[in-house]
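Structure at a glance
These are the residues of each chain, in order.
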Amino acid sequence: VLVVLALAMAAVWWSGKGGLAMRQAAGQLAESNEIRKALYRETWQMVQERPRLGHGIGSWHPLWRERMAGSSMSRVKTAHQEWLQMAQQGGVVAVALLLAVFGRWWRRAVTAGLTGAGGLAARVVAAWFTESLVNAALRDGALAFPMIVLAGLALAAARRTPDGLPPADGTA
């Protein structure tokens, strides 16, 4: 399901429909696309330099500024793609850990049942995961805070039994 969502989002991104069409009409899309392509391309090069353990937490911004010195793009503060930035900073180890976190949340939601609170939790987790493909969805407070609150509430609700109490198995 997440892969399908990601592919659909990529198709919309490259087709210029929706909000992107509005940016195109305002003359902003070409510049925005070029900036994102440069961000992704340069970040991917950084990942390839140190794929296992990355360059270190907090290293993306200083490396970006160094590589883009003299360019207006040096002011960009994140890679605008959570997974690339995570790989750049912590390598495949960090990406695997983050995938494990999302996987655990997804499993909790599915275990609770997709027709009730578990379905809500699954949608929130899927939305946050999808957002992370095109934004700094874990490190940008304006993007992350609402998702943290929504995911926390939805996952907490998914952990309740039908009588509204936490599970008796000690996993609450």
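A few points on the structure. (Residues numbered from 1 in each chain as written. Predicted model: local features only at pLDDT ≥ 70, side-chain atom pairs only at ≥ 80, totals over all residues. Heavy atoms only, no water.)

**A short note on the overall build of the chain**
Note the cut-off: Secondary structure elements follow DSSP: runs of H or I no shorter than four residues count as helices, runs of E no shorter than two count as strands, and numbering proceeds from the N terminus. The cut-offs for exposure are 20% and 50% of the maximum accessible area for each residue type, with area from a 1.4 Å probe on protein chains only; residues under the lower value are buried, those over the upper are exposed, and the others partly exposed. Any two residues having at least one pair of non-hydrogen atoms within 4.5 Å are treated as being in contact. Surface accessibility follows the Shrake-Rupley procedure with a 1.4 Å probe radius. Residue values consider only the protein chains on display as shielding.
Counting its regular elements, the chain contains seven helices and zero strands. N-terminal to C-terminal, the α/β element order of the chain is α-α-α-α-α-α-α. In the chain, buried positions account for 37% of the 172 residues. In the chain, of all internal contacts separated by at least 6 residues, the share reaching a separation of at least 24 is 58%. Entry remark: accessible area of the chain is about 10,000 Å², with carbon and sulfur atoms responsible for 65%.

**Some thoughts on a nonpolar patch on the surface**
Heads up, the condition is: In this analysis, a patch consists of residues with relative accessible area above 30% that form no salt bridge, clustered at 9 Å for like charges and at 5 Å for the nonpolar side chains Val, Leu, Ile, Met, Phe, Trp and Tyr. Only one rule defines a salt bridge in this text: a Lys or Arg side-chain nitrogen within 4 Å of an Asp or Glu carboxyl oxygen.
There is a patch of nonpolar side chains on the surface, built from L53, V92, V93 and L97 and spanning about 400 Å² of accessible area. Along the polypeptide, L97 turns up in helix α5 (residues 82–112).

**Concerning helix α4 (residues 60–67)**
Short version of the rule: In this description, one arc is meant: the one made by directions from the helix axis to the C-beta atoms.
Taken residue by residue, α4 has W60, L63 and W64 as its buried positions. One side of α4 holds all its buried residues, which, seen down the axis, span an arc of 100°.

**Notes on the packing of aromatic side chains**
What counts here: Planes of paired rings set the category: under 30 degrees apart is stacked, over 60 is edge-to-face and the rest tilted, where pairs are Phe, Tyr or Trp rings (Trp by its six-membered ring) whose centres lie within 6.5 Å.
Counted according to the given criterion, the structure contains seven aromatic pairs. Seen in terms of ring centroids, W83 and F102 are 6.0 Å apart; in terms of plane orientation they differ by 45°. Their pairing is tilted. When its relative accessible area of 11% is taken as the criterion, W83 is described as buried. Ring centres 6.0 Å apart and planes at 80° place the aromatic pair F102 and W128 in the edge-to-face group. On the criterion of sequence distance, the pair formed by F102 in helix α5 and W128 in helix α6 (residues 117–131) is long-range, its members being 26 residues apart. With relative accessibility at 5%, the residue W128 sits in the buried group. Here the aromatic residues W83, F102, W105, W128 and F129 are joined through ring pairs into a cluster of three or more.

**Considerations on the nonpolar core**
Heads up, the rule is: Working definition of a nonpolar core: buried Ala, Val, Leu, Ile, Met, Phe, Trp, Tyr and Cys residues. They are joined through side-chain atoms within 4.5 Å.
Core analysis: the largest hydrophobic core is formed by 23 residues, its most contacted members being W83, F102, A121 and W128. Looking at this core, the elements that each hand over two or more residues are α5, α6 and α7 (141–158). The element that contributes the greatest number of residues to this core is α5, accounting for nine residues. Residue contacts for F102: discarding those within four places in its chain leaves W83, V125, W128, F129 and L138.

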